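# Summary of structural features
Now for the letters of each chain:
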Amino acid sequence: MDALPGKLNIGNKPSTSGIKLEVRGIERKAGGKKILSGPMSLVIHPGEFVGLLGPSGSGKSTLLKACCGLQRPNSGEVRFNGQDLYKSQDTWRKKMGYVPQEDIIHQELSVQKAITYAAKLRLPQELPDDRRKALVTRVIHEVGLEERKNVTIRKLSGGQRKRVSVAVELLNRPEILFLDEPTSGQDPGLEIAMMQLFKGFTRQGATVIVTTHAMASIEELDIVVLLQAGVLVFMGPPQALLEVFGGRSYEGIYQTLAKQSPIDSLNQFRRSAYAGWPGGSR
């Protein structure tokens, strides 16, 4: 297994204030079908590491895209520090990072060249060349690809390609980072290493929000947002999942959800001690 660095050197602190994300009563429809319903509300504070979990088709990616300005909800609001995101995207675009499920990096370039070209496009033109090169070197180190930096991207494993995408987003030191299934297809050891990388980024003040099916590193998260068929049925610390849904393992929670409706799951949450979790579903 090719592990990530054991010690993080994230570098510049993204912001002393950070970004507070508020989702207020959003719904999303497509083809006459509700993908997100409820309506859904939640609050995520600066420096929190948040996982959007749920079975396939539960609306995780849709919620993530709504929160980062890629898919406007049909109703409700998404706010960054009190401002409507969809009315002020130019204000926030440079403060956000987004890593999609599908790789969008150039497959015929080496890791170093791909990130270098991204740095030329994304970083200020007046930035000195030596500073730009130092930033490229730093993000390659942060994602643990020093030994693969001269390898053509198409020759990398899926997990390594995903880390190149993450490195590109780290160039700008975003204040809020959205990642869609960043550990998909990776072995548990590498999954944990990547989640620890994201956790380290939050210690510098950034907010990190990931969608994931993986459970091996769930306790690295500060908050879990659990979706079922487009309904937010739980929001709280990961350890509370077992208490609320009565499972013996985190993986077993999906089996519990498969046996009951979203309304039943939501009612279980509402009857629990975590129903009043700050920022949770109301």
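Remember, it's a predicted structure, so these values are computed and weren't measured experimentally. (Residues numbered from 1 in each chain as written. Predicted model: local features only at pLDDT ≥ 70, side-chain atom pairs only at ≥ 80, totals over all residues. Heavy atoms only, no water.)

### As for the confidence of the model for the protein
Heads up, the condition is: Think of pLDDT as the predictor's per-residue confidence, scored from 0 to 100. The contact rule is simple, with two residues in contact once any of their heavy atoms fall within 4.5 Å.
When pLDDT is averaged across the protein, the result is 87; 91% of the residues are at 70 or more. The low-confidence segment residues 1-16 (pLDDT under 50) makes 48 contacts with residues lying over four places distant or belonging to another chain.

### Side note on unusual backbone geometry
Using the following cut-off: Secondary structure is summarised from DSSP: a helix means a run of H or I of at least four residues, a strand means a run of E of at least two, and numbering begins at the N terminus for each. The classification of residues rests on relative accessible area computed with a 1.4 Å probe and restricted to protein chains. Under 20% of the type maximum is buried, over 50% is exposed, and intermediate values are partly exposed.
One non-glycine residue, Asn81, lies in positive phi territory at about 50 degrees. Along the polypeptide, Asn81 turns up in the loop between β4 (75-80) and β5 (83-84). The backbone of Glu181 sits at a positive phi, close to 50 degrees, despite the residue not being glycine. With respect to the secondary-structure elements, Glu181 resides in the loop between β7 (176-180) and α6 (188-202). For Glu181, a relative accessible area of 8% corresponds to the buried category.

### Focus: helix α1 (residues 60-67)
Counting buried positions along α1 yields six of eight residues, so the element is predominantly enclosed. For α1, the full list of buried residues reads Lys60, Thr62, Leu63, Leu64, Ala66 and Cys67.

### Re the pairing of strand β9 (residues 223-228)
The test is simple: For two strands to count as paired, DSSP must find a minimum of two bridges between them.
Of all the six residues making up β9, six are buried; the element is thus mostly covered by neighbouring parts of the structure. Every second residue of β9 is oriented toward a common face, with Ile223, Val225 and Leu227 on one face and Val224, Leu226 and Gln228 on the other, all of them buried. Sheet analysis places strand β3 (residues 49-53) next to β9, joined by four bridges and oriented parallel. By the bridge assignment, Leu53 is partnered in β9 with Leu226. The pairing of β9 with strand β10 (residues 231-236) spans five bridges and is antiparallel. Bridge pairing in β10 links Val225 to Met235.

### Some remarks on the sheet that holds β10
Keep this limit in mind: Helix axes are fitted to C-alpha atoms over the stretch in contact, other axes to C-alpha atoms as well, and angles between N-to-C directions run from 0 to 180 degrees.
Sheet architecture is open: six strands sit in the order β6-β7-β8-β3-β9-β10, paired in mixed fashion. Each edge of the sheet is formed by a strand with only one pairing partner; in this case those strands are β6 (96-99) and β10. Taken over all neighbouring pairs, the strand axes of this sheet differ in orientation by 15 degrees on average, direction set aside.

### Considering the packing of helix α3 (residues 111-122) against helix α4 (residues 129-142)
The test is simple: Throughout, the term roughly parallel applies to angles under 35 degrees, roughly antiparallel to angles over 145, roughly perpendicular to angles from 65 to 115, and oblique to all others. Helix crossings are classified by the rotation of the near helix relative to the far one: an anticlockwise turn of less than a right angle makes the crossing left-handed, while a clockwise turn makes it right-handed. Lys, Arg, Asp and Glu make up the charged group, whereas Ala, Val, Leu, Ile, Met, Phe, Trp, Tyr, Cys and Pro make up the nonpolar group; the residues left over, Gly among them, are polar.
Packing of α3 against α4 brings their axes to within 10 Å, and their N-to-C directions diverge by 130 degrees. Taken together, the axis directions place α3 and α4 in an arrangement best described as oblique. Crossing hand, α3 versus α4: right-handed. Together, Gln112, Ile115, Thr116, Ala119 and Lys120 of α3 and Arg132, Val136, Val139 and Ile140 of α4 make up the contact between the two elements. Its residues placed into classes, the contact of α3 with α4 shows five nonpolar, two polar and two charged.

### Topic: the pairing of strand β1 (residues 21-30)
The pairing of β1 with strand β2 (residues 33-44) spans seven bridges and is antiparallel. Each residue of the ladder has a partner; that of Lys29, found in β2, is Lys34.

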